[in-house]
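# Observations on chain architecture
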Amino acid sequence: MQIQAKFFNNIVKPASFVILLFPLLFLISGLFFDLLGANPIETIIRDLGEWALRILLLTLSLSPLSRALKWPQLIQLRRMMGLFAFFYASLHLFCYLGFEQSFDIRSVIEDIWERPFITAGFAGFLTLLPLAITSTRSKMRQMGASWKALHRLVYLAVILCVVHFWWLVKADASTPMVYTAFTVILLLERVCWSKLKNKPKQ
Ligand code: HEM
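Here we summarise the structure given alongside this text. Residue positions within a chain follow its written sequence, with the count starting from 1. Totals for whole chains, interfaces and linings use all residues, but because this is a predicted model, local features are given only for residues with pLDDT of at least 70 and pairs of side-chain atoms are given and counted only at 80 or more. In computing side-chain values, all of the structure's heavy atoms are included and hydrogens and water are not.

### Looking at the overall build of the protein
The secondary structure listing takes helices from DSSP runs of H or I that are at least 4 residues long and strands from runs of E that are at least 2 residues long, numbered from the N terminus. Regarding its fold elements, the protein presents nine helices and zero strands. Reading the protein from its N end, one meets helices and strands in the order α-α-α-α-α-α-α-α-α. Projected onto its principal axes, the C-alpha positions of the protein cover 60 × 35 × 35 Å. Within the protein, buried positions represent 37% of all 202 residues. Accessible area is worked out with a 1.4 Å probe on protein chains only. A residue is then buried under 20% of its type maximum, exposed over 50%, and partly exposed in between.

As structure tokens, then:
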């Protein structure tokens, strides 16, 4: 048991941390070696957004995965992965603000008002924000039961981000379709699991 815990803490956790940095390293090296295509800014913004969504969905998969694999330690990766999702979402937002809006707040507000996909993206980001802020162990202890209730907002955040993706696609909807299917499966699993958990024992 102790060997398993050591393996998890010394190998799985640090390896996951490094792997989660790869998308960023690929983007930086792609920029450096001019591999990001005709519109590197668009590639950077889109890739960061898609990685934020992928990591968010992966974070939500950890609980069902840990039950299916009977590997409870997997849950310990949730906080790090959730924060990585927020990190990529923040870089995505920062690049949009800098490259597309030149940090002009008036034009950003106009964009939120006029383009529904930007409204959904902002709503998704604002939903993730309190989760990232309260992700520390001390906050978890301080908030008690309300911490769990607050962190259920992660499902709303994923839905808003998937809507954000749907509203920006123009022709090929296959990718948002995959993320939608994944989200629906995770939500259904979550509902079934809490029903089973709360079922009175006979
Ligand atoms: C903070 C507010 C946000 C803004 C202003 C924003 C803005 C954008 C913009 C400008 C694009 C590119 C659209 C295009 O090239 O036509 C985009 C794409 C995308 N964003 Fe966001 N976004 C925000 C939040 C988020 C969040 C929180 C997520 C996920 C966690 C997310 C995930 C995505 C995805 C998956 C794409 C599509 C990537 C692709 O086409 O492959 N965005 N967003």
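### Topic: the coordination of the iron atom of the ligand
Those protein atoms acting as donors to the iron atom of the ligand are H92 (NE2) and H164 (NE2), and they sit at 2.0 Å. With six donor atoms in place around the iron atom of the ligand and angles of 86 to 179° between them, the coordination shape is octahedral. Of the two residues, H92 is situated in helix α3 (residues 78-100) and H164 in helix α8 (residues 153-168); the sequence distance between them amounts to 72 residues. By relative accessible area, H164 is classed as buried at 15%. Keep in mind that water is not among the atoms, so a site may look incomplete; donors are the N, O and S atoms within 2.8 Å of the metal, or 3.2 Å for Na, K and Ca. Irregular is the label for any site that misses the other tests, which are tetrahedral for four donors with all angles between 85 and 135 degrees, and square planar for four donors or octahedral for six when opposite donors exceed 155 degrees and the remaining angles lie between 65 and 115.

### Looking at the pattern of salt bridges
The salt bridge definition used is simple: a Lys or Arg side-chain nitrogen within 4 Å of an Asp or Glu carboxyl oxygen. Under the defined criterion, the tally for this structure stands at five salt bridges. Residue E189 is joined to R67 by a salt bridge in which the shortest nitrogen-to-oxygen separation is 2.9 Å. Here E189, found in helix α9 (residues 174-198), pairs with R67, found in helix α2 (residues 40-68); they are 122 residues apart in sequence, far enough to count as distant. Residue E189 is classed as partly exposed on the basis of its relative accessible area, which comes to 28%. In this structure, E100 and R115 form a salt bridge, with 3.8 Å as the shortest nitrogen-oxygen distance. Taken together, the residues span a long stretch of sequence, with E100 in helix α3 and R115 in the loop between α4 (105-114) and α5 (116-133) at a distance of 15 residues. Residue R115 is classed as partly exposed on the basis of its relative accessible area of 32%.

### Some details on the packing of α2 against α8
A fitted line through C-alpha atoms serves as each axis, taken over the contacting stretch for helices, and the angle formed by two N-to-C directions is quoted from 0 to 180°. Direction vectors running N to C along α2 and α8 enclose 145°, while the axes themselves pass 11 Å from each other. Judged by the twist between their axes, the crossing of α2 over α8 is left-handed. Between α2 and α8, the contacting residues are R46, E50, L53, L56, L57 and L60 on the first element and V154, Y155, V158, C161, V162, F165 and L168 on the second. Its residues assigned to classes, the contact of α2 with α8 shows eleven nonpolar, no polar and two charged. Should the near helix be turned anticlockwise from the far one by less than a right angle, the crossing is termed left-handed; should it be turned clockwise, right-handed. When checking whether two residues touch, look at their non-hydrogen atoms; a contact exists if any pair is within 4.5 Å. Asp, Glu, Lys and Arg are counted as charged, while Ala, Val, Leu, Ile, Met, Phe, Trp, Tyr, Cys and Pro are counted as nonpolar; the rest, among them Gly, fall into the polar class.

### Examining the site of the ligand
Being near a molecule or strand, for a residue, means having at least one of its heavy atoms within 4 Å of it. Surveying the vicinity of the ligand reveals 21 residues, the closest of which are R46, G49, E50, H92 and H164. Counted as a polar contact is a pair of N or O atoms within 3.5 Å, where, for protein atoms, one must be capable of donating a hydrogen and the other of accepting one, and residues adjacent in sequence contribute only when both atoms are in side chains. One nitrogen or oxygen atom from the side chain of E50 is found 2.5 Å from an oxygen atom belonging to the ligand. When residues in the shell around the ligand are grouped by element, the largest group, seven residues, is from α2. For the shell around the ligand, the per-class residue count stands at 13 nonpolar, four polar and four charged.

### Regarding the packing of aromatic side chains
Centres within 6.5 Å are what make two rings of Phe, Tyr or Trp a pair, Trp counting through its six-membered ring; a difference in plane orientation under 30 degrees is then read as stacked, over 60 as edge-to-face, and the rest as tilted. In this structure the tally under the stated criterion is ten aromatic pairs. When the centroid spacing of 5.2 Å and the interplanar angle of 90° are considered together, the rings of F32 and F33 count as edge-to-face. The exposure class of F32 is exposed, given its relative accessible area of 69%. Cluster of aromatic residues (ring-pair linked, three or more members): F17, F84, F87 and Y88. Here the guanidinium or amino end of R67 rests over the ring plane of W193, the centre of that ring lying 3.9 Å away. We count a charge as sitting over a ring when the NZ of a lysine or the CZ of an arginine lies within 6 Å of the ring centre and within 35 degrees of the ring normal.

### Section: the packing of helix α1 (residues 2-32) against α3
Direction vectors running N to C along α1 and α3 enclose 15°, while the axes themselves pass 11 Å from each other. Between α1 and α3, the angle is such that the two are roughly parallel. The handedness of the crossing between α1 and α3 is right-handed. Packed against α1, whose contacting residues are K13, S16, F17, L20, L21, P23 and L24, the element α3 presents M80, M81, F84, F87, Y88 and L91 at the interface. Class assignment of the residues belonging to the contact of α1 with α3 gives a composition of eleven nonpolar, one polar and one charged. Throughout, the term roughly parallel applies to angles under 35 degrees, roughly antiparallel to angles over 145, roughly perpendicular to angles from 65 to 115, and oblique to all others.

### Some details on α1
Over its 31 residues, α1 extends 44 Å from the first C-alpha to the last, a length consistent with the 45 Å expected when each residue adds 1.5 Å. Buried residues in α1 make contact with α2 and α3. D34, located one to two residues past α1, shows a positive phi value of around 60°. By this rule the span expected of a helix is its residue count minus one, scaled by 1.5 Å.

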